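# Geometric and topological summary
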Amino acid sequence: MNKNVIKLSLSIFAFGITNILFAQDVDEDIVNWYNGKGAGMHTEKAYKKLKKRESKTVIVAIIDSGIDIEHKDLQGKIWTNTGEIAGNGIDDDMNGYIDDVHGWNFLGNSDGENANAMRLERTRIFAKLSAKFDGVDESTVDPAETEEYALYQKVMSEVGTERAKYEGYVSYMQMMPMIMSGAQASATKELGEGYSDQAFDSWAPDTDELKQAKAIVAAMRSGELSEESMAAQQEMIQGMLDTHHNVDFDGRAVVGDNPDDFSDVNYGNNDVEGPDALHGTHVGGIVGAIRGNDLGGDGVAENDLFMSLRAVPDGDEFDKDIALAIRYAVDNGAQVINMSFGKGYSPHAKEVYDAFAYADAKGVLLVHAAGNDASNIDNGGNFPTSLYDFQTKKLDHILEIGSSTRMAKVAKADRGQYGGKKVALPSSFSNYGKSNVDVFAPGSEIYNSVPQSEYQVLQGTSMACPMVAGVAAMLKSYFPARSMKEIKDVILESATSYEGTMQQMPGTNDDNKTKEKEDQVDFAKLSVTGSVVNVKNAVKMLLKMEKQDK
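Residues numbered from 1 in each chain as written. Predicted model: local features only at pLDDT ≥ 70, side-chain atom pairs only at ≥ 80, totals over all residues. Heavy atoms only, no water.

### Observations concerning the overall build of the protein
Here is the rule: Strands here are runs of E lasting at least two residues and helices are runs of H or I lasting at least four, both read from the DSSP assignment and numbered beginning at the N terminus. Partly exposed describes any residue whose relative accessible area lies between the buried limit of under 20% and the exposed limit of over 50%, with all areas from a 1.4 Å probe on protein chains only and scaled to the type maximum. In what follows, a contact means two residues having at least one pair of non-hydrogen atoms within 4.5 Å. Residue exposure ignores everything except the shown protein chains as possible cover, and the areas themselves are Shrake-Rupley values with a 1.4 Å probe.
In terms of helices and strands, the protein carries 12 helices and 14 strands. Along the longest, intermediate and shortest principal axes, the C-alpha atoms of the protein span 75 × 65 × 50 Å. Every one of the 550 residues in the protein was classed for burial, and the buried ones make up 53%. In the protein, the proportion of contacts linking residues at least 24 apart, taken out of those at least 6 apart, comes to 76%. Element-wise, carbon and sulfur atoms account for 48% of the exposed surface of the protein, whose accessible area totals about 23,500 Å².

### Let's talk about the environment of alanine 357
Mapping alanine 357 onto the fold places it in helix α9 (residues 349-361). Sequence separation between alanine 357 and valine 170 is 187 residues, and the spatial gap between their C-alpha atoms is 43 Å.

### Brief notes about helix α10 (residues 461-478)
Quick note on the threshold: Helix span, expected: 1.5 Å multiplied by one less than the number of residues in the helix.
A rise of 1.5 Å per residue sets the reference length of α10, with its 18 residues, at 26 Å; its end C-alpha atoms lie 26 Å apart and thus fit the reference within 8%. For α10, the buried fraction is high: 18 of the 18 residues fall into the buried class.

### Notes on the pairing of strand β10 (residues 454-459)
Rules: Any two strands with at least two DSSP bridges between them are considered paired.
Across the 6 residues of β10, 5 count as buried, placing the element largely inside the fold. Pairing geometry for strand β9 (residues 446-450) and β10, over 5 bridges, is antiparallel. Residue pairing in the sheet places isoleucine 446 in a bridge with leucine 458 of β10. Between β9 and β10, which pair antiparallel and follow one another directly, the connecting turn spans 3 residues, one of which, glutamine 452, has a positive phi of 65°.

### Focus: the pattern of salt bridges
Going by this rule: Salt bridge, as used here, is a side-chain nitrogen of Lys or Arg placed within 4 Å of a carboxyl oxygen of Asp or Glu.
According to the stated counting rule, one finds 23 salt bridges in the structure shown. For aspartate 257, the salt bridge identified is with lysine 320, shortest N-O distance 2.6 Å. Note that aspartate 257 is positioned in the loop between α6 (227-242) and α7 (278-288) and lysine 320 in helix α8 (residues 319-331), a separation of 63 residues in sequence. For the pair shown, aspartate 257 and lysine 320 are each scored as buried.

### Focus: the pairing of strand β4 (residues 304-310)
Most of β4 is tucked away: 6 of the 7 residues are buried. As paired elements, strand β2 (residues 58-64) and β4 share 7 bridges and run parallel to each other. Its bridge partner being in β4, alanine 61 is matched across the sheet by methionine 307.

### Let's talk about the confidence of the model for the protein
Our working rule: pLDDT measures the predictor's confidence residue by residue and takes values from 0 up to 100.
For the protein, mean pLDDT is 90; residues scoring 70 or higher make up 91% of the total. Contacts from residues 1-24, a stretch scored under 50 in pLDDT, to residues over four places away or in other chains number 89 contacts. Within the model, the stretch residues 410-422 combines pLDDT values under 50 with 30 contacts to residues more than four positions away or in other chains.

### Here's the deal with the nonpolar core
Let me state the cut-off plainly: The term nonpolar core refers to a set of buried residues drawn from Ala, Val, Leu, Ile, Met, Phe, Trp, Tyr and Cys, joined through side-chain atoms within 4.5 Å.
Ranked by internal contacts, the top residues of the largest apolar core, which has 58 residues, are Met474 and Leu475. Counting residues per element, this core draws most heavily on α10, at 12 residues. In this structure methionine 474 touches Ala46, Tyr47, Leu50, Val300, Ala301, Val535 and Val539, once residues within four positions along its chain are discounted. Judged by nonpolar contacts, the second largest core, of 41 residues, contains Trp104, Ala115, Met307 and Leu309.

### With respect to the side chain of serine 462
Put simply, the rule is: Polar contacts, as counted here, are pairs of nitrogen or oxygen atoms within 3.5 Å of one another; within protein the pair requires one atom able to donate a hydrogen and one able to accept it, and residues that are adjacent in sequence qualify only if both atoms are side-chain atoms.
Relative to the helices and strands, serine 462 is located in helix α10. Separated by 2.9 Å, the side chains of serine 462 and histidine 279 make a polar contact.

### Quick word on a positive patch on the surface
What counts is decided by this rule: Here a patch means residues that are over 30% exposed by relative accessible area and free of salt bridges, tied together within 9 Å if like-charged and within 5 Å if nonpolar (Val, Leu, Ile, Met, Phe, Trp, Tyr). Just so you know, the count uses Lys and Arg for positive and Asp and Glu for negative, and it drops His and the chain ends. Here the site of a charge means atom NZ of a Lys, CZ of an Arg, CG of an Asp or CD of a Glu.
A cluster of like positive charges, contributed by Lys37, Lys45, Lys48, Lys51 and Lys52, occupies part of the molecular surface. Residue position: lysine 45 is located in helix α1 (residues 43-49).

### Here we look at the side chain of aspartate 73
Secondary-structure assignment places aspartate 73 in the loop between β2 and β3 (103-105). For the buried aspartate 73, no salt bridge is present, and the opposite-charge side chain at shortest range is lysine 72, 7.9 Å distant. Only 2.6 Å separates the side chain of aspartate 73 from the side chain of asparagine 293, close enough to count as a polar contact. Among the polar contacts made by the side chain of aspartate 73, one reaches the side chain of tyrosine 455 at a distance of 3.2 Å. Not counting residues up to four positions away in its chain, the partners in contact with aspartate 73 are Ala289, Ile290, Asn293, Leu295, Gly296, Gly297 and Tyr455.

### Here we look at the packing of α10 against helix α12 (residues 535-549)
We count it as follows: Angular values range over 0 to 180 degrees, each being the angle between N-to-C directions of two axes fitted as lines to C-alpha atoms, with helices fitted over their stretch in contact. Throughout this description, any angle smaller than 35 degrees is read as roughly parallel, any larger than 145 degrees as roughly antiparallel, any in the 65 to 115 degree range as roughly perpendicular, and the remainder as oblique. Definitions for this section: a left-handed crossing has its near helix turned counterclockwise from the far helix by less than a right angle. A right-handed crossing has that turn clockwise. Gly is put with the polar residues, along with every residue not named as nonpolar or charged; the nonpolar set is Ala, Val, Leu, Ile, Met, Phe, Trp, Tyr, Cys and Pro, and the charged set is Asp, Glu, Lys and Arg.
At their nearest, the axes of α10 and α12 sit 11 Å apart, and the two run at 30° to each other. In terms of axis orientation, α10 runs roughly parallel to α12. Viewed along their axes, α10 and α12 form a crossing whose handedness is right-handed. The segment α10 lies against α12, with Val471, Met474 and Leu475 engaging Val535, Ala538, Val539 and Leu542. Looking at the contact of α10 with α12 residue by residue, the class counts come to 7 nonpolar, no polar and no charged.

### A short note on α12
The end-to-end C-alpha distance of α12 is 21 Å, a good match for the 21 Å that 15 residues give at a rise of 1.5 Å each. Of the residues making up α12, those classed as buried are Val535, Lys536, Ala538, Val539, Leu542 and Met545. On its buried side, α12 packs onto α1, α10 and α11 (484-494). With a side-chain oxygen positioned 3.1 Å from the backbone nitrogen of lysine 536, the residue opening α12 is asparagine 534.

This is the structure we're talking about:
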């Protein structure tokens, strides 16, 4: 739906919407924290253990919104299809894709036009079923169609609820200039005209109304909140109403294919960046931005190339695009596939699973983001998934990743400070699941590449996922004799266990403050391993395995 990204910015108080992210002065403590010690992955220490070893290049497929392949921090890291002659309009390698030099764009057409905004899957389902069930009374439904009718009612309710919610947000944002002015007036009344920074910082409001006024004024003073940012947020939300939740909107029309026909494969183009590559460029940078050049954040993998497969729009991805992108990646040499996306419904789940099984049979590792709903995905509702209800066991080459923070513990004896507030190791937004989420990795406050050779801080399981894809690529490059199944197993077995540490349950700390004891959970209950990825430990384990093999 939103590519599993949570943008770092001020929440809109009563509603908890995250703002559009504008230019940032990044905190030095944030840059590369994920590669460091503590709650990081200890990547730098891992590389020290490998400094005398040679490595082989590993290809990582990034199925995402597109990648800015001209970004200064990604130069030399973009995969090139050596079997294709650029710009000649011929399918030189006869793989079915014309001029696919750096990957493929499944959201465009042969004329070079690109689609971007799309409806959510539930909106598409509602639109499709409305033609059949609109105005139909439940008592007249054919028994053979009872299940389909129930789905229609469910998605109709969800779309209606979401539209009402976002319409409320728009109305609220229209009032924000007046609210901001009132908050400033309240601060002036309490502190006097021309009050100092010290006076404001020392101000301790004693009513909820004044506390909110201080929060608003603090955001205004920091630059996080302005009439301009509110206008931009309002425009974004209105866009979601006009596209994501609009049954009459058809963003797919420009592509020109039938998204329900998996044999209709002659579509797309070779524009692997597309109109909005922020998400994919950030993901790619996490996997493998140039290391040690003092630009932005360092990538996890050093000797890798990434293949850009544009299949994730502004809205929900289509199952067909994902299935075809996976098969393209496998057939063109990818050894790891990063999948930082997800949605609540999957009409063609079996076809996506078949693509997963194809990758699995070829020994290609699939790494998927668990999602940002602070929900237990053992109960379903997050697609694609590592364990569909028609499966009896997981495939050998798939990992589902939750998101962790910079803080390792929140036990009363050693609660750390995180942005001035007490928080837990699992990110407050992260999905979890004792059966369906395999391991956690850094996903909060991640500073890395975005288009136009810029950098931003983003957070989400979308960021945690490429951490693990990068680790897998890095380990495979230095230990090429090991299978991807062995690499996957080592990642899980070597991760730092936090079993027994009581952490804040995702979704219970919207204000990032530790709450009641019932909101605490043993970290071991949030994933299969109860652990956070540790690259140093993984390298040590692989080196030990080498010695044992001799």
